[in-house]
Amino acid sequence: MIPGRCRGGWWALGANAASFLLLAVGTQAIARGASAPWNPAAWAAPWSGDVLLVLVGLLFLGLGFLMPLHAGVLNLGIHAQFLAGFSVAAAIARVPTIGPAARAGLALLAGGAAGALVGAVMIGLRRRFAVHEVLSGLLLGGAMVPVARTLSVAPAPLPALTFELSNLPPALRWAPGLGLGHPFVLTWGILLLSLGLLLAFLFAHVLRASAPGFDLRIVGSNPLAAVAAGVEVDRVQLSMLAAGGACAGLTGALQLWGQPAVALERWPLPLAFAGLTIALYGGGTVRGVIVAAALFAGWINAPGTLVSLGSPVWGPAVALLLVLPALWNLPRLLPDQGAPRALWRTRHREPY
Amino acid sequence: MSGPKSGLRVRGLTIGDGSRWLVKDLELEVKPGRLHMILGERDTGKTALLESLAGRRREERGQVSIGDSSEAAPRDRRRAASFIAQWWQPTQLTVLERLLLAKPPRRFRIAIHRAAAEERARALAKRVGVETLVHVPVEALRPLERRLLELAAAVDESPALLLLDEPTSELGPHEARHFLGILRAVAREDGIPTLFTTTWARDGYPDADGATILWRGREPATVSTEDVTESALFERWTGGTMRRSPTGPHTAGDALLRVEDLVLEGRGRETSLAGLGFDVRAGEVLAIVGAPADGLHLLHDTLLGNRAPQRGSIQFLGKEMLGTNRRQRVESGMSFVNPPHARDQSLVDFTVEENLILGQTHRGPFARRGWLKFDSIRGNAVRSLTDFELPDAKPRERFGRLSLGARQRIVIAREVLRDPKLLVARSPAQGLSLESQEYVRKALVLQCERGSGLLWLSEDPEEALRVADRLAVLAAGKLVWLPVTETLTRQAIIDEMSGRAA
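Just so it is clear, the model here is predicted, and its values are computed rather than measured.

Participant: Explanation requested: the overall build of chain A in the structure shown.
Facilitator: Across its full length, chain A holds 18 helices and 2 strands. Counting the 352 residues in chain A, one finds 52% classified as buried. A sequence separation of at least 24 residues applies to 80% of the contacts in chain A between residues at least 6 apart. When the accessible area of chain A is evaluated, it comes to approximately 15,100 Å², of which 73% is carbon and sulfur surface.

Shown next as structure tokens:
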């Protein structure tokens, strides 16, 4: 549990676990109750390969919501950042002169940058025109939809990254038990998951042990005290919204490739808002987000999930369960002046 | 008199909060048209008592009757009582609109009858003396005027019981007296039994008919103000523990802070600063007393660096401070202690040790190359808690779990251990327990004896008298200097604050 965010931690954790259990068991029960004939499209569990990319997508979306949340900002512009990342990556994917692997890497990088830019635009709009970030985020999300549709390309398989093992040190090449062949294939899933986990642990460590992390926690907990302690609240919120936007934009870029796109299409709400579900089920902590991303990646790939989501009666109930933890987690996670004030605040200073 | 005939009767009222009793076996009777004061420190259950009487909080046991009913259920009390809370967000409505919120006169039951509405609002406003302000937005009013406005709006609902939670907390003593005088007149005229809470014994005189003292962990006591003088009431409340002055007088050294010709326009109907000038010297306590709306709040804001004056200069150690922010001022040797309930000086969700390093993590000794030094932070917390006599507080304990007095001690520990050249304290003991008030005063004055200057800004003349080496009253945006002698009385200060001095 991150210091400074520990109110009612165990109760919320229990409620989150119970909600997820209900979700997992409920969807299977609904699928069995539907007694649908065997439908490979519905029941197939594409565990091989794509679950890693689904996990990566959910992890980055969770971080995309969690990082600004620590600075006291509700990143409801996550959908705009996601679509911006998707659009820029799609534009790059249309350039035939770049090699497939380079194109994939460049598209992911550019997608992250586009998401970060949207985050920065949201804070810029607040500073320049006093437009609240919740409002600008939702409006930008709506505005990005036609852009993303126009630039959209058909999903393609991700190119494999192949390395010759002969380039590695001899000790590793001949190490017993590794079982690696000469051409070592590093999948994008492993690469991006490593990046996501590294980012998550780095963020948690910075938050806990560094002076800028301490400033960030002050901003998230009490902006008035942050201003009094000499912390530049806008700068901190801008950096966190840009970082969160980069995570969302990267996930958007990832949707260009077939495997994660097919799996994540099952998400019953606009996909980027999966970030809220992951962050809230994770209790607003980095460790929680990692665990929640893994659980939901498993859940979405589980046989029966698609059948239950397709049910006209139970589908909305399942979708509701995905956002239910907001009820008990958001009031706990927002700055201590309370949710309404955090949502609609217009200034950092108020009279005593 | 149009109010209830039997007033308010309370029998054996007991209110709990978690595992402790807030109010135990309270017996009380307030006749129609009478004004009754509930006196107590913070966290002694004053607000809980009012909430219970207003039917907003469930009591453990006891009986409450209002008017002719033998026992009023919470739902009946919610209908019968009018409750004015201590804090609320001022609105952009005008006084006229605010007064018509509850029952606007209508034409054909649809449209608001503008002429009748204005006439009615003016009549209501006249009752409390704000009839000239009917077109002024509520947020532009002074705190006293806002209180009077809320009183007028509450009385308009013809309540059988009027309850006010700390109505004088943001008023100067002269304003408090003015407000309580009007409250008493209105209560008498309408025959409404009226209760208000306060942390100042002086508020009972001359207007309240009776006072109930709430203590933490003791049974409440009710006395009549006709039978008991203010000093006797104060003695009974405090147990005679308060002393006049913890230390001093002090020998002043060189000037640390020099404020010259400070001019700053107030917001709304707040009094502007009109060419303020003073200096604070090393090793002395300068107390400036005034009502918040008479410029004290503006002066404090300016010293904090939150507002830039239109004219004037603030020099600290010979260096101009205008244009610098609070952090730069702190780094140059100033330190600030705000009222205990101020939200900008501590983090309730953080631990005690984290609160002790607030604003000090950008240079040693608590951080190195951007990383926190946990050993130094823990050592600092252990040392601070020992030095400031808080043996029950733990470094890793959540700050919000501590009592208000303990929290303020920790804030003072943080500010004092920086060894500042100048301490600016704004009502640092307001609303604390009497023991904590004494401790806060002593801790700050001791720092002054180590050579720091201490600027004490307060709306409470008694508090200023206890600590001041020099004293000035801030009235109408200007300073009036009063010599600190044995003969200087609270009344003399209040007279200067209200402009009644000869």
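Participant: Could you clarify how one ought to interpret the confidence of the model for chain A in this entry?
Facilitator: Low-pLDDT stretches of the model should not have their predicted coordinates read in fine detail. All names here are of chain A. For chain A, the average pLDDT comes to 79, and 77% of its residues sit at 70 or higher. At the low end of the mean pLDDT range in chain A sits helix 18 (residues 339-344), at 48; at the high end sits helix 11 (residues 233-254), at 93. Scored below 50 in pLDDT, residues 1-7 shows 26 contacts in the model against residues more than four places distant or in partner chains. The low-confidence segment residues 337-342, where pLDDT is below 50, has 11 contacts with residues more than four positions distant or belonging to other chains.

Participant: What am I meant to see in the sheet that holds strand 4 (residues 61-66) of chain B here?
Facilitator: One key point about sheets: their strands pair by backbone hydrogen bonds, in either a parallel or an antiparallel sense. Residues and elements named next belong to chain B. An order of 2-1-4 is seen for the 3 strands of this open sheet, with the pairing classed as antiparallel. Of all strands in the sheet, those with a lone pairing partner are strand 2 (20-30) and strand 4, marking the two edges. For this sheet, the mean angle separating the axes of adjacent strands, direction not counted, is 25°. In this sheet, strand 2 lies alongside strand 1 (residues 8-17) in antiparallel orientation, the contact comprising 7 bridges.

Participant: Before we go on, may I ask you to explain the sheet that holds strand 13 (residues 273-281) of chain B in this structure?
Facilitator: Residue and element names in this part refer to chain B. With respect to topology, 4 strands assemble into an open sheet ordered 13-12-15-16, the strand pairing being antiparallel. The two strands at the open ends of the sheet, each matched to only one other strand, are strand 13 and strand 16 (319-320). Where helix 8 (residues 296-304) meets the sheet, its contacts fall on strand 12 (255-264), strand 13 and strand 15 (311-316), and the angle it forms with strand 12 comes to roughly 120°.

Participant: Is there a simple way to explain helix 11 (residues 374-387) of chain B in this structure?
Facilitator: An α-helix turns once every 3.6 residues. As a result, residues three or four positions apart point the same way. Residues and elements named next belong to chain B. Under the 1.5 Å per step criterion, the end-to-end length of helix 11 is 20 Å for 14 residues, consistent within 8% with the ideal 20 Å. If you check which residues of helix 11 are buried, you get Ile377, Asn380, Ala381, Ser384 and Leu385. The arc that holds the buried residues of helix 11, viewed along the axis, is 120°, so those residues lie on one side. What points out from helix 11, more than 90 degrees from its buried face, is the exposed set Asp375 and Thr386. Turning to helix 11, the residues buried within the fold contact helix 10 (352-355), strand 19 (371-372) and helix 12 (404-416). Residue Glu389 follows helix 11 closely and has a positive phi angle near 50°.

Participant: In this structure, what is going on with the interface of chain A and chain B? I would like to understand it.
Facilitator: Frequently, the measure chosen for interface size is the accessible area that the parts lose on association. On the side of chain B, 32 residues touch chain A, which itself brings 28 residues to the contact. Taking both sides of the interface into account, the surface hidden between chain A and chain B amounts to around 2,700 Å²; carbon and sulfur atoms contribute 58%. Taken together, the connections running from chain A to chain B amount to 7 residue pairs in polar contact (both at pLDDT 80 or more). When contributions to the side of chain A that touches chain B are tallied by element, the ones reaching two or more residues are helix 8 (188-209), helix 9 (211-221) and helix 10 (223-228) of chain A.

Participant: Any chance you could explain the packing of helix 4 (residues 78-93) of chain A against helix 5 (residues 100-129) of chain A here in plain terms?
Facilitator: When two helices pack together, their arrangement is given by the angle between the helix axes and the distance between those axes. All names here are of chain A. Two numbers describe how helix 4 lies on helix 5: the axes approach to 7 Å, and their chain directions differ by 145°. Between helix 4 and helix 5 the crossing geometry is right-handed. Together, Ala80, Gln81, Ala84, Gly85, Val88, Ala89, Ile92 and Ala93 of helix 4 and Arg103, Leu106, Ala107, Ala110, Gly111, Ala114, Gly115, Val118, Gly119 and Met122 of helix 5 make up the contact between the two elements. Looking at the contact of helix 4 with helix 5 residue by residue, the class counts come to 12 nonpolar, 5 polar and 1 charged.

Participant: Whenever I open this one, the environment of Ala81(B) confuses me. Can you help?
Facilitator: Residue and element names in this part refer to chain B. Positionally, Ala81 belongs in strand 5 (residues 81-84). For Ala81, a relative accessible area of 15% puts it in the buried group. Sequence separation of Ala81 and Pro159 is 78 residues, and the distance between their C-alpha atoms is 5.4 Å. Leave out the neighbours within four places in its chain, and Ala81 touches Ala54, Pro159, Leu161 and Leu163.

Participant: Sorry if this is basic, but what is going on with the nonpolar core here?
Facilitator: Note on soluble globular proteins: their nonpolar side chains tend to be buried together. Residues Leu58(A), Trp267(A), Phe296(A) and Trp299(A) are the most contacted members of the largest nonpolar core, which totals 95 residues. Considering each element in turn, this core owes the most residues, 14 residues, to helix 3 (residues 50-70) of chain A. In this view, Trp299(A) contacts Phe20(A), Leu23(A), Ala24(A), Thr27(A), Trp267(A), Thr305(A), Leu309(A), Val318(A) and Leu322(A); residues no more than four positions away in its chain are not counted. Ala125(B), Leu162(B), Tyr205(B) and Trp237(B) belong to the second largest nonpolar core, which has 51 residues in total.

Participant: Sorry, what's going on with helix 12 of chain B here?
Facilitator: Residue and element names in this part refer to chain B. Counted at 1.5 Å a residue, the expected span for helix 12 with its 13 residues is 18 Å, and the 18 Å between its end C-alpha atoms agrees. Of all 13 residues that make up helix 12, 12 are buried, and the element is covered over most of its length. Residues of helix 12 that are buried include every one of Leu404, Gly405, Ala406, Gln408, Arg409, Ile410, Val411, Ile412, Ala413, Arg414, Glu415 and Val416, and no others. Buried-residue contacts for helix 12 involve strand 17 (334-337), helix 10, helix 11, strand 20 (422-426) and helix 13 (434-449).

Participant: Teacher, can you tell me more about the packing of aromatic side chains here?
Facilitator: Enumeration according to the criterion identifies 4 aromatic pairs over all chains in this entry. Ring centres of Phe214(A) and Phe350(B) lie 6.0 Å apart, and the angle between their planes is 70°; this geometry places the pair in the edge-to-face category. Taken together, the residues Phe214(A) in helix 9 and Phe350(B) in the loop between strand 17 and helix 10 connect one chain to another. When sorted by exposure, Phe214(A) lands in the same class as Phe350(B), which is buried. Relative to Phe296(A), the ring of Tyr281(A) has its centre 5.0 Å away and its plane inclined at 65°; by these criteria the two rings are edge-to-face. With Tyr281(A) in helix 13 (residues 274-281) and Phe296(A) in helix 14 (residues 286-301), the pair connects residues that are 15 residues apart, well separated along the chain. For the pair formed by Tyr281(A) and Phe296(A), the shared burial category is buried. Grouping aromatic residues by their ring pairs yields a cluster made of Phe20(A), Tyr281(A), Phe296(A) and Trp299(A). Residue placement shows Arg61(B) over the ring face of Trp21(B); its charged tip is 5.6 Å from the ring centre. Against the face of Trp200(B) rests Arg202(B), its NZ or CZ located 4.3 Å from the ring centre.

Participant: Got a minute to help me understand the packing of helix 5 of chain A against helix 6 (residues 133-151) of chain A in this structure?
Facilitator: All names here are of chain A. As a packed pair, helix 5 and helix 6 sit with axes 9 Å apart at the nearest point and diverge in direction by 135°. Our classification of the angle between helix 5 and helix 6 gives oblique. Pair helix 5 / helix 6 crosses with right-handed handedness. Packed against helix 5, whose contacting residues are Val118, Val121, Met122, Leu125 and Arg126, the element helix 6 presents Glu133, Ser136, Gly137 and Leu140 at the interface. Taken together, the residues of the contact of helix 5 with helix 6 sort by class into 5 nonpolar, 2 polar and 2 charged.

Participant: I keep staring at the pattern of salt bridges and nothing clicks. Help me out?
Facilitator: Working definition: two side chains of opposite charge can pair if their charged atoms are close together. Under the defined criterion, the tally for this structure stands at 43 salt bridges over all chains. Put simply, Arg126(A) and Asp234(A) hold a salt bridge, and the shortest N to O gap is 2.8 Å. Highlighted residues: Arg126(A) in helix 5 and Asp234(A) in helix 11, separated in sequence by 108 residues. Glu59(B) is paired through a salt bridge with Arg77(B); the nearest N and O atoms lie 2.7 Å apart.

Procedures and definitions
Residues numbered from 1 in each chain as written. Chains lettered and ligands numbered in written order. Predicted model: local features only at pLDDT ≥ 70, side-chain atom pairs only at ≥ 80, totals over all residues. Heavy atoms only, no water. Helix = DSSP H or I, 4+ residues; strand = E, 2+ residues; numbered from the N terminus. Buried < 20%, exposed > 50% of the residue type's maximum accessible area, 1.4 Å probe, protein only. Contact = heavy atoms within 4.5 Å. Areas by Shrake-Rupley, 256 points an atom, 1.4 Å probe, with all protein chains shown as cover. pLDDT = per-residue confidence, 0-100. Pairing = 2+ DSSP bridges. Axes fitted to C-alpha atoms, helices over the stretch in contact; angles between N-to-C directions. Expected span 1.5 Å × (residues − 1). Arc of directions from axis to C-beta. Buried area = accessible area lost by both parts, 1.4 Å probe. Polar contact = N/O pair within 3.5 Å; in protein donor to acceptor, adjacent residues only side chain to side chain. Left-handed = near helix turned anticlockwise from the far one by under 90°. Nonpolar A, V, L, I, M, F, W, Y, C, P; charged D, E, K, R; others polar. Core = buried A, V, L, I, M, F, W, Y, C linked by side-chain atoms within 4.5 Å. Phe/Tyr/Trp six-rings, centres within 6.5 Å; stacked < 30°, edge-to-face > 60°. Lys NZ or Arg CZ within 6 Å of the ring centre and 35° of its normal. Parallel < 35°, antiparallel > 145°, perpendicular 65-115°, else oblique. Salt bridge = Lys/Arg side-chain N within 4 Å of Asp/Glu carboxyl O.

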